[in-house]
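# Remarks on the overall topology
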Amino acid sequence: MDAKDTRGAVSALVTEPRFAQRLREYLEGEQILDVRYRLQKMPGGSVALPVLGEKLTEQHLRALQKSGPQEVPCRLTQLQDPVPSKAAGVRTPAQKLCRELQRLVVGSGGSWSEELERDVPRSWQRHGDLVLLSEDNFGAALWEKLGPALWETVASALGARRVARRGRVSPGGMRSPSVTLLLGQDGWVEHVDNGIRYTFDVTKCMFSPGNITEKLRVASLPCSGEVLVDLYAGIGYFTLPYLVHAAAAFAHACEWNCHAVEALQRNLVLNGVQDRCCIHHGDNRQLELQDVADRVNLGLIPSSEEGWPVACRVLKKDTGGVLHIHHNVEVLPAPAHLQPGVSRDEQRPTKEAGSVGWEDREREHQSPKDTESCGKEMQAARVRPEWQRWAEATAMQIRGLLEELHGRPWWTSILHIEAVKSYAPHVHHVVLDLECRPTLPA
Ligand SMILES: C[S@@+](CC[C@H](N)C(=O)[O-])C[C@H]1O[C@@H](n2cnc3c(N)ncnc32)[C@H](O)[C@@H]1O
């Protein structure tokens with residue numbers, strides 16, 4: 001049966017108005033009425049009923065033409081400009097995408113299947129006019145046969161002009177994304193986050209939308225007059241909020257990926273803060289800087305541990321400062337029987353449960369044992385014990401590094417543990433705000 005849709009057009013059966021109701025009932029009964037589109041009046045007064053072209057068979061047409069009381073004289077046509085029904089009007093972008101792809105596949109001579117339907121993306125990242133698809137979709141062999149029309153359809157269904165697809169972030173320290181541009185000339189995009197403009201090439205730099213809460217938190221930190229060292233600056237995800245909103249006086253931004261450095265340079269200019277930032281292009285472990293920072297950002301996961309010695313070196317040796325240490329902490333689920341009255345679902349970590357702060361606590365004259373008392377306070381506030389244990393071990397280790405470096409006692413204090421996001425099943429990206437000060441002579 002040659003009743004395939006062509007791209008943008010919809011198959012329909014045309015009949016006289018007096019047969020329209022009977023035809024409609026038949027098509028509904030056979031589940032081939034295309035409810036995504038309205039019935040359409042045709043020139044000359046006939047009525048066109050949209051049908052699912054890929055399901056309409058020769059048998060259907062024969063049954064309709066068969067003489068007798070059920071006879072419905074009709075002919076097949078293509079509606080070039082179908083009008084979406086009300087039901088179609090409330091479709092989500094994902095449904096719209098699926099529908100357009102279905103039409104493309106069928107129109108190209110293929111047949112739609114559940115496998116293809118499962119292969120259609122349900123979510124994506126949008127960067128202005130570019131949609132970034134994940135690596136999990138369009139795996140079926142048939143997609144490739146559709147050529148550029150596939151990506152043109154994806155773009156038009158999602159109201160975009162460019163399409164790119166992500167592979168896995170390459171395992172090296174550069175965190176380079178393996179993103180391929182599928183439609184469009186280049187991968188440069190622009191984002192505005194919390195009033196800050198970021199531009200970067202999606203095919204060359206990583207973007208972490210999940211870090212938005214941390215970017216907002218950083219923006220609200222009181223950093224007036226401070227010097228920041230951002231050891232893993234990337235395109236400036238954190239450097240910029242520190243400079244633009246948190247009023248840091250100056251930032252040293254370390255980054256070894258030349259593409260990220262290029263984006264960072266552009267972003268500093270875009271936001272008018274290029275005079276307050278020095279970019280150190282290279283491996284931060286070789287950084288020559290020391291004794292300059294009031295605050296050090298260590299935004300690398302799964303661990304920034306390799307940067308801890310350099311973070312200690314750049315902290316001001318007479319007054320110390322605050323480290324913001326990112327880390328992925330693994331949380332092992334407690335057996336349900338050990339948690340009376342708590343279902344497994346309730347045990348699942350949530351962002352809200354994990355965000356704890358006690359900025360109000362007295363910080364003067366703290367000694368290293370304060371780390372322990374912080375621990376009790378945090379547990380009371382439902383910090384995961386694993387986060388707590390990791391934070392305490394880190395605080396001890398950093399204190400050791402600082403004492404070894406300067407040959408005198410220092411204290412460290414856990415100010416806050418922020419849960420940024422969790423990765424299934426039990427890995428949590430957390431940020432430890434650690435205050436580090438040299439102990440004043442008695
Ligand atoms: C997670 S990404 C970007 C970061 C941003 N802080 C965020 O969380 O969205 C970490 C950045 O650190 C850079 N990087 C990793 N190790 C580095 C090193 N030893 N020296 C300098 N840059 C490094 C990577 O190239 C990458 O751009």
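Everything quoted here is computed from the prediction, not taken from an experiment.

### Considering the overall build of the protein
Check the secondary structure of the protein and you find 15 helices and 18 strands. Considering only residue pairs separated by 6 or more positions, the protein has 66% of its internal contacts joining residues 24 or more positions apart.

### Thoughts on the sheet that holds strand β2 (residues 40–41)
With respect to topology, four strands assemble into an open sheet ordered β2-β3-β1-β4, the strand pairing being antiparallel. The outermost strands of the open sheet, each flanked by one partner alone, are β2 and β4 (74–79). Looking at chain direction, β2 and strand β3 (residues 47–50) are connected through two bridges and run antiparallel. Looking at the pairing, glutamine 40 lines up with alanine 48 of β3. Taken strand by strand, helix α1 (residues 17–29) contacts β1 (10–15), β3 and β4, and its axis lies near 10° from that of β3.

### Regarding the confidence of the model for the protein
Confidence in the prediction for the protein averages 84 pLDDT; 83% of positions are at 70 or higher. Counting contacts from residues 1–7, a segment whose pLDDT is below 50, to residues more than four positions away or on other chains yields 23 contacts. Scored below 50 in pLDDT, residues 339–381 shows 51 contacts in the model against residues more than four places distant or in partner chains. In the predicted complex, the global pTM is 0.68; the interface-specific ipTM is 0.95.

### Thoughts on the site of the ligand
Near the ligand lie 20 residues; those nearest to it are Tyr232, Gly234, Trp256, Asn257 and Gly299. Residue classes in the shell around the ligand are distributed as nine nonpolar, seven polar and four charged. If you count residues domain by domain, the shell around the ligand takes at least three from each of domain 2 (91–183) and domain 3 (207–438).

### Re the nonpolar core
Tyr242, Leu264, Val296, Ala311, Leu323 and Leu434 are the most contacted members of the largest nonpolar core, which totals 87 residues. If you count residues domain by domain, this core takes at least three from each of domain 2 (91–183) and domain 3 (207–438). Alanine 311 has contacts with Leu231, Val296, Leu298 and Leu323, leaving out every residue within four places of it along the chain. In terms of nonpolar packing, the next biggest core, distinct from the first, is built from 19 residues, Ile32, Leu33, Val51 and Leu56 among them.

### What about the sheet that holds strand β7 (residues 162–166)?
Reading across the sheet, the four strands line up as β5-β6-β7-β8 and stay open at both edges, with mixed pairing between neighbours. Each edge of the open sheet carries a strand with a single partner, namely β5 (125–127) and β8 (179–183). When strand polarity is set aside, the average angle formed by the axes of neighbouring strands in this sheet is 25°. Pairing of β5 with strand β6 (residues 130–133), which is carried by three bridges, proceeds in the antiparallel orientation. Along β6, the bridge assignment pairs arginine 126 with valine 131.

### So, the packing of helix α4 (residues 93–107) against helix α7 (residues 148–157)
Taken N-terminus to C-terminus, the directions of α4 and α7 make an angle of 150°; their axes are 9 Å apart at the nearest point. Taken as axis vectors, α4 and α7 run roughly antiparallel relative to one another. Crossing of α4 against α7: the hand is right-handed. Contacts from Lys96, Leu97, Glu100, Leu101 and Leu104 in α4 reach Ala149, Leu150, Thr153, Val154 and Ala157 in α7. Across the contact of α4 with α7, the residue classes break down as seven nonpolar, one polar and two charged.

### Considering helix α8 (residues 212–219)
Count 3.6 residues to each turn of an α-helix, and residues three or four apart come out pointing the same way. Every buried residue belonging to α8 is among Glu214, Lys215, Arg217, Val218 and Ala219, and all of these are buried. Close packing links the buried residues of α8 with β9 (188–193), α9 (239–244), β17 (410–423) and β18 (427–438).

Rules behind the numbers
Residues numbered from 1 in each chain as written. Predicted model: local features only at pLDDT ≥ 70, side-chain atom pairs only at ≥ 80, totals over all residues. Helix = DSSP H or I, 4+ residues; strand = E, 2+ residues; numbered from the N terminus. Contact = placed C-beta atoms within 7 Å. Pairing = 2+ DSSP bridges. Axes fitted to C-alpha atoms, helices over the stretch in contact; angles between N-to-C directions. pLDDT = per-residue confidence, 0-100. Near = placed C-beta within 6 Å. Nonpolar A, V, L, I, M, F, W, Y, C, P; charged D, E, K, R; others polar. Domains from an automatic or database assignment. Core = buried A, V, L, I, M, F, W, Y, C linked by C-beta atoms within 7 Å. Buried ≥ 20, exposed ≤ 12 C-beta atoms within 10 Å, placed from the backbone. Parallel < 35°, antiparallel > 145°, perpendicular 65-115°, else oblique. Left-handed = near helix turned anticlockwise from the far one by under 90°.

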